[in-house]
Amino acid sequence: MTTTHTLAVPGGRLHYEVRGEGPLLLVVGAPMDAGAFAPLADALAGDHTVVTHDPRGISGSLLDDPGQDSTPELRADDAAALLDALGAEYADVFGSSGGAVTGLALVTRHPGRVRTLVAHEPPVLELLPDAAAQRAATDDIVETFHRDGPGPAWMKFMTNAGFDLGGDGAPTPPPGEPSEQDLANSARFFAHELRGTARYLPDVAALRTGAARVVVGVGATSGGLVTYRTSTALAELLGTPPVRFPGDHGGFLGQPEEFADVLRKVLAGG
């Protein structure tokens, strides 16, 4: 059974969902909302209490000021507030993409609140040798959104991410026209979230010496993606090998059961 809740946080209200029983696992995305992680959460709910949420400004998590930027630090504070609302001193955390960046910020901003963080393909572009070029590409994507709208911006974003949009393995959009919520989430992402996430520089020293165990995850078929480069760069700095998960950047979408099996083993220390 899944229960839905609303939590007041500074500047807004968070929509979150709770399912399952067992050790607490917070599943974090950005800009992906709780719905995107539902298959994975369902696969884990037999042995974990799984909490998912919509990041601030996305889907059901509403802001008092819609023009407020979303930073990893703000989203980390929201995650800590969720733990407080759940009466949890700490939790395991699985974060994917921008949610993995949120998790890195949570570990360093709120020491002691995370037992194990599994950071799946965090786009920590500032760790790359071509960081300056990546910043320019991000600026161009944001400018494209403001000039031409979300469609062209998504095309540039996916191309820069490393997806072959003309290949057999290219991601396919959902059937039909995007909903009003899809368009609102895209606008939120490009106008107020992408820059802050892409320019986040992890505190590697704090991650290495803190109490939390930090595991970097990479997709088994993500070799051509920029997030494979960022993930392996972070894992090397942390001195721990990355863990391979099924699929690519969104492997939890297409193979939730297999993905959940690997995540269970990682959380158990394997």
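**A closer look at the environment of Pro10**
Thinking step 1. If you trace the backbone, Pro10 turns up in the loop between strand 1 (2-9) and strand 2 (12-19).
Thinking step 2. Placed 205 residues apart in sequence, Pro10 and Val215 show a C-alpha to C-alpha distance of 30 Å.

**So, the nonpolar core**
Thinking step 1. If you look at the biggest cluster of nonpolar residues, it comprises 38 residues, and the most contacted ones within it are Leu26, Leu104, Leu117 and Leu234.
Thinking step 2. Tallying contributions element by element places helix 3 (residues 98-109) first for this core, with 6 residues.
Thinking step 3. Apart from the residues lying within four places of it in its own chain, the contact partners of Leu104 are Leu117, Ala119, Pro122, Val124, Tyr200, Pro202, Leu207, Val214 and Leu234.
Thinking step 4. Counting residues in hydrophobic clusters, the runner-up holds 19 residues, among them Val50, Phe245, Phe259 and Leu267.

**Description of unusual backbone geometry**
Thinking step 1. In this structure, Pro31 follows Ala30 across a cis peptide bond, with omega equal to 5°.
Thinking step 2. Checked against the element boundaries, Pro31 lands in the loop between strand 3 (24-28) and helix 1 (38-44).
Thinking step 3. Even without being a glycine, Ser97 presents a positive backbone phi close to 55°.
Thinking step 4. For Ser97, the location among the structural elements is in the loop between strand 6 (91-96) and helix 3.
Thinking step 5. Phi is positive for Glu121, close to 50°, though the residue is something other than glycine.
Thinking step 6. Assignment of secondary structure puts Glu121 in the loop between strand 7 (114-120) and helix 4 (131-148).

**Re the pattern of salt bridges**
Thinking step 1. By the definition in use, this model includes 15 salt bridges.
Thinking step 2. Measuring nitrogen to oxygen at the nearest pair gives 2.9 Å for the salt bridge that ties Asp42 to Arg19. In this pair, Asp42 is assigned in helix 1 and Arg19 in strand 2, connecting sequence segments 23 residues apart.
Thinking step 3. You can call Arg19 buried: its relative accessible area is 6%.
Thinking step 4. Residues Arg109 and Asp77 are paired through a salt bridge, measuring 2.9 Å at the closest nitrogen-oxygen approach. Here the residue Arg109 occupies a position in helix 3, and Asp77 occupies one in helix 2 (residues 72-85), the gap between them amounting to 32 residues.

**Side note on the environment of Asp33**
Thinking step 1. Its location among the elements puts Asp33 in the loop between strand 3 and helix 1.
Thinking step 2. Excluding anything up to four places from it in sequence, Asp33 contacts His53, Asp54, Pro55, Ile58, Ser59 and Asn185.
Thinking step 3. In terms of polar contacts, Asp33 uses its side chain to reach the backbone amide nitrogen of Gly35, at 3.2 Å.

**Section: helix 6 (residues 180-198)**
Thinking step 1. With 19 residues, helix 6 should cover 27 Å at 1.5 Å per step; its first-to-last C-alpha distance of 25 Å lies within 8% of that length.
Thinking step 2. Helix geometry: helix 6 is bent most strongly at His192, by close to 45°.
Thinking step 3. Listed as buried for helix 6 are Asn185, Ser186, Arg188, Phe189, Phe190, Glu193, Leu194, Thr197 and Ala198.
Thinking step 4. Against the buried residues of helix 6 lie strand 5 (62-63), helix 2, helix 3, helix 4 and helix 5 (150-161).

**Describing the confidence of the model for the protein**
Thinking step 1. Taken residue by residue, the protein gives an average pLDDT of 95. The fraction at 70 or more is 96%.
Thinking step 2. For the stretch residues 167-172, pLDDT sits under 50, and the model shows 5 contacts to residues farther than four places along the chain or on other chains.

**Quick notes on helix 5**
Residues separated by three or four positions in an α-helix point in the same direction, a consequence of the helix having 3.6 residues per turn.
Thinking step 1. Across its 12 residues, helix 5 extends 16 Å between first and last C-alpha, which sits within 8% of the 16 Å expected from 1.5 Å per residue.
Thinking step 2. Every buried residue belonging to helix 5 is among Ala153, Met158 and Ala161, and all of these are buried. Down the axis of helix 5, the sector holding all buried residues measures 130°, keeping them to one side.
Thinking step 3. Where helix 5 is buried, its residues touch helix 4, helix 6 and helix 8 (226-238).

Conventions used here
Residues numbered from 1 in each chain as written. Predicted model: local features only at pLDDT ≥ 70, side-chain atom pairs only at ≥ 80, totals over all residues. Heavy atoms only, no water. Helix = DSSP H or I, 4+ residues; strand = E, 2+ residues; numbered from the N terminus. Core = buried A, V, L, I, M, F, W, Y, C linked by side-chain atoms within 4.5 Å. Buried < 20%, exposed > 50% of the residue type's maximum accessible area, 1.4 Å probe, protein only. Contact = heavy atoms within 4.5 Å. Salt bridge = Lys/Arg side-chain N within 4 Å of Asp/Glu carboxyl O. Polar contact = N/O pair within 3.5 Å; in protein donor to acceptor, adjacent residues only side chain to side chain. Expected span 1.5 Å × (residues − 1). Bend = angle between axes of the 7 residues up to and from the residue. pLDDT = per-residue confidence, 0-100. Arc of directions from axis to C-beta.

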